[in-house]
Protein chains: 2
Amino acid sequence: MQGISGTGADGADSIVVNGGYEDDLDLGDEIHYTGAGGNDPNLRKQIADQTLTQPGNAGLVTGELAGRPVRVVRGFRGDPAHSPATGYRYDGLYRVADHWSKVGLSGFLIWHFKLLRLTGDEAVDFVPVENLPAGDAEPGVKSGIVTRVIRSTKVSESVKKLYEGRCQICGVRLEVPGGLVAEGAHIRALGSPHKGPDVPSNVLCLCPNDHSRFDRGGLWIDDDLAVHDQEGAVVAQLTVKPGHQVALEYLQFHRAIWGK
Amino acid sequence: MQGISGTGADGADSIVVNGGYEDDLDLGDEIHYTGAGGNDPNLRKQIADQTLTQPGNAGLVTGELAGRPVRVVRGFRGDPAHSPATGYRYDGLYRVADHWSKVGLSGFLIWHFKLLRLTGDEAVDFVPVENLPAGDAEPGVKSGIVTRVIRSTKVSESVKKLYEGRCQICGVRLEVPGGLVAEGAHIRALGSPHKGPDVPSNVLCLCPNDHSRFDRGGLWIDDDLAVHDQEGAVVAQLTVKPGHQVALEYLQFHRAIWGK
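Residues numbered from 1 in each chain as written. Chains lettered and ligands numbered in written order. Predicted model: local features only at pLDDT ≥ 70, side-chain atom pairs only at ≥ 80, totals over all residues.

## Topic: the overall build of chain A
Heads up, the rule is: Under the DSSP-based scheme used, a helix requires at least four consecutive residues in state H or I and a strand at least two consecutive residues in state E, with every element numbered from the N terminus. Three exposure classes are used, all based on how many other C-beta atoms lie within 10 Å of a residue's own C-beta (placed from the backbone): buried at 20 or more, exposed at 12 or fewer, and partly exposed between those limits. Contact criterion: two residues are in contact if their C-beta atoms, reconstructed from the backbone, are within 7 Å.
A count of helical and extended segments in chain A gives four helices and 16 strands. A buried classification covers 42% of the 260 residues belonging to chain A. Considering only contacts within chain A whose residues lie at least 6 apart along the sequence, 55% involve residues at least 24 apart.

## Brief notes about the domain arrangement of chain A
Here is the rule we go by: Where each domain begins and ends follows an automated or database-derived domain assignment.
If you check the domain split of chain A, you get domain 1 (3-117) and domain 2 (154-257). Distance between the C-alpha centres of domain 1 of chain A and domain 2 of chain A: 28 Å.

## Comments concerning the sheet that holds strand β16 (residues 234-237) of chain B
Residue and element names in this part refer to chain B. Our working definition: Here, strands pair whenever DSSP counts at least two bridges between them. Axes here refer to lines fitted to C-alpha atoms; in helices the fit is confined to the stretch in contact. Angles between the N-to-C directions go from 0 to 180 degrees.
One open sheet accounts for three strands, arranged β14-β15-β16; its pairing is antiparallel. The sheet terminates laterally at β14 (219-221) and β16, the two strands that pair on one side only. Ignoring strand direction, the axes of neighbouring strands in this sheet form an average angle of 30 degrees. Inspection of the sheet shows strand β15 (residues 226-229) paired to β16 by three bridges, in the antiparallel sense. Its bridge partner being in β16, histidine 228 is matched across the sheet by valine 234.

## A look at the confidence of the model for chain A
Low pLDDT marks regions whose predicted coordinates should not be analysed in detail. Residues and elements named next belong to chain A. Defined as follows: Note: pLDDT gives the predictor's confidence per residue, expressed from 0 to 100.
The share of residues in chain A with pLDDT of 70 or more is 89%, and the mean pLDDT across the chain is 86. Low pLDDT, under 50, characterises residues 141-150; the stretch is placed with 26 contacts to residues that sit more than four places away or in other chains. Model confidence for the complex is summarised by a pTM of 0.81, with the ipTM given as 0.80.

## So, the pairing of strand β1 (residues 3-7) of chain A
All names here are of chain A. Going residue by residue along β1, you find Ile4 and Gly6 tucked away on one face and Gly3, Ser5 and Thr7 left uncovered on the opposite face. Pairing between β1 and strand β2 (residues 11-17): five bridges, direction antiparallel. For isoleucine 4, the partnering residue across the bridge sits in β2 and is isoleucine 15.

## Let's talk about the environment of glutamate 22 of chain A
Residues and elements named next belong to chain A. As for its placement among the helices and strands, glutamate 22 is situated in the loop between β2 and β3 (25-26). For glutamate 22, a count of 9 C-beta atoms within 10 Å corresponds to the exposed category. As a C-alpha pair, glutamate 22 and threonine 34 span twelve residues in sequence and 8.8 Å in three-dimensional space. If sequence neighbours within four positions are ignored, glutamate 22 has contacts with Gly104 and Leu105.

## Thoughts on the nonpolar core
In plain terms, the rule: Any nonpolar core is a set of buried residues, restricted to Ala, Val, Leu, Ile, Met, Phe, Trp, Tyr and Cys, that join up through C-beta atoms within 7 Å.
If you look at the biggest cluster of nonpolar residues, it comprises 49 residues, and the most contacted ones within it are Cys205 and Leu206 of chain A together with Ile15, Val70 and Leu115 of chain B. Leave out the neighbours within four places in its chain, and cysteine 205 of chain A touches Val159, Lys160, Tyr163, Gly165, Arg166, Cys167, Gln168, Ala182 and Gly184 of chain A.

## A short note on the environment of glutamate 249 of chain A
Residue and element names in this part refer to chain A. As for its position among the elements, glutamate 249 is in helix α4 (residues 248-257). The exposure class of glutamate 249 is exposed, given the 11 C-beta atoms found within 10 Å. On a C-alpha basis, the gap between glutamate 249 and isoleucine 187 in space is 9.7 Å, while along the polypeptide they are 62 residues apart.

## Quick look at unusual backbone geometry
Residue and element names in this part refer to chain A. Despite not being glycine, glutamate 164 shows a phi value in the positive range, around 50 degrees. Along the chain, glutamate 164 turns up in the loop between α2 (154-162) and β10 (174-176). Of note, the phi angle at leucine 225 is positive, near 70 degrees, even though the residue is not glycine. Position of leucine 225 among the secondary structure elements: in the loop between β14 (219-221) and β15 (226-229).

## Considering the packing of helix α3 (residues 208-215) of chain A against helix α3 (residues 208-215) of chain B
Put simply, the test is: Every angle not falling under 35 degrees, over 145, or within 65 to 115 is termed oblique; those three ranges are roughly parallel, roughly antiparallel and roughly perpendicular. Charged residues are taken to be Asp, Glu, Lys and Arg, nonpolar residues to be Ala, Val, Leu, Ile, Met, Phe, Trp, Tyr, Cys and Pro, and polar residues to be all remaining types, Gly included.
The contact between α3 of chain A and α3 of chain B brings their axes to 6 Å, and the two run at 140 degrees. In terms of axis orientation, α3 of chain A runs oblique to α3 of chain B. On the side of α3 of chain A, the interface is formed by Pro208, Asn209 and Ser212 of chain A, while α3 of chain B contributes Pro208, Asn209 and Ser212 of chain B. Residues that form the contact of α3 of chain A with α3 of chain B fall into these classes: two nonpolar, four polar and no charged.

## Some points on the sheet that holds β1 of chain A
Residue and element names in this part refer to chain A. As summarised here, the arrangement of the seven strands in space is β1-β2-β7-β8-β9-β4-β3, forming an open sheet in which the pairing is mixed. Each edge of the open sheet carries a strand with a single partner, namely β1 and β3. Relative to strand β4 (residues 30-34), β3 is paired through two bridges, and the arrangement is antiparallel. When the sheet's bridge partners are listed, aspartate 26 is paired in β4 with isoleucine 31.

## A short note on helix α1 (residues 55-66) of chain A
Heads up, the condition is: One fewer than the residue count of a helix, multiplied by 1.5 Å, yields its expected span.
Taking 1.5 Å per residue as the helical rise, α1 of chain A with its twelve residues ought to reach 16 Å, and the 16 Å between its terminal C-alpha atoms agrees with that figure. Three or more residues of α1 of chain A are buried, namely Gly56, Asn57, Ala58, Gly59, Leu60, Val61, Thr62, Gly63, Glu64, Leu65 and Ala66 of chain A.

## Concerning α3 of chain A
Residue and element names in this part refer to chain A. In terms of burial, α3 is largely enclosed, as eight of its eight residues are buried. Every buried residue of α3 is listed here: Pro208, Asn209, Asp210, His211, Ser212, Arg213, Phe214 and Asp215. Phi turns positive, to about 80 degrees, at glycine 217, one or two residues after α3.

And the structure:
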């Protein structure tokens, strides 16, 4: 069976990849992994939506946000190209790169997690500790893990310029000596599996805080451009300047993958 | 002569690396480049502090924040190991990875910029445009540029856990479904040239907005733990929990590199 070991508070420390889910994908260095919960172990079928408050799923989200490695164990029922013929095998450290939801064949919401194998430099194992650790007075500089890739393109630069670096959600404009901090946020994310387009109607100018929340489903935007938090409360109205059309289809896509 | 072509509004599009400054360093793939301004061209000496409002310096900061490539041209007066014997040579695209200040031999503040050569995948040339561009409906996913590397270690995880993900500057706690967004910020940065230690007394739990501002000198912290903005106004008091000692020496180091 598949399984996630971990909780939202401490993060997931390991997962077992052992096939059995319709949307599972194992490319070796990249794994699309189905979340836990919502199924009846006796009936062996999905009977409810999966949630991100389920401890294993919350553990993977926490690991993604912290850039924390997850140990991957592959079992004999997994994709034959990457799995052991018999039994279970420890297969190294991965990071959680993304997660999203989709309504499955059962009609219930299923969460999906994308995991990427860590390279040698990145694969720093993590052991949680209760008290503050001593640390390292002369740390190696290659031990870092990239947790966020911000793309810079003509498109997002132009959108940021149009809004003069002001966040379209909260209105903040973060000045630093010599410049401004603002991010071009793709509504429907670029890259697999979302495959959003890199066009102005798919890009917002956001502050790093709202970008982080938006990308993780902590904020979502309705067709009337009201901005909602994860409980559904309206927290702001999206600012849109003349000349910038925000496409409703991408807002709808974003809401769908976050189960809204 | 050296030179930066660009402005704070549009970013720097190119620099000429041609030696002549005491702290210049050219390692081929990594360049430490001295900022512009504050010198008298007739006397050929430094007569004032350099500033980040100087257009060329502001252009490099803007480029760093946007992850925008800078064209590097090397001249015959540069380090012989990496420079042409005569004349000038276009040497490809770099990104600005960091900047900091130091009081030079002259007694005046000098700004320094670290540039790193872009790999093929990252080297997407940037041409600013006035109106929103059409963009790309099916963009390549490898064209991204990493503009921020967040290290995740036992140390920063433990500090974030102590503060339950709450920002020590503004107090915000950014919840997303299944987790929290918070960052472990090194006061004295890890890696060259700052070489800060990866220890709890050098780490703060910050929200992405305050982390971005703090890392770029938009916020700085006094020995009494008052948090100042770039104009010097007190905007907050740093929250410090029992069990976490924030070392004044690292706050002093941070202030020094930002000229405070």
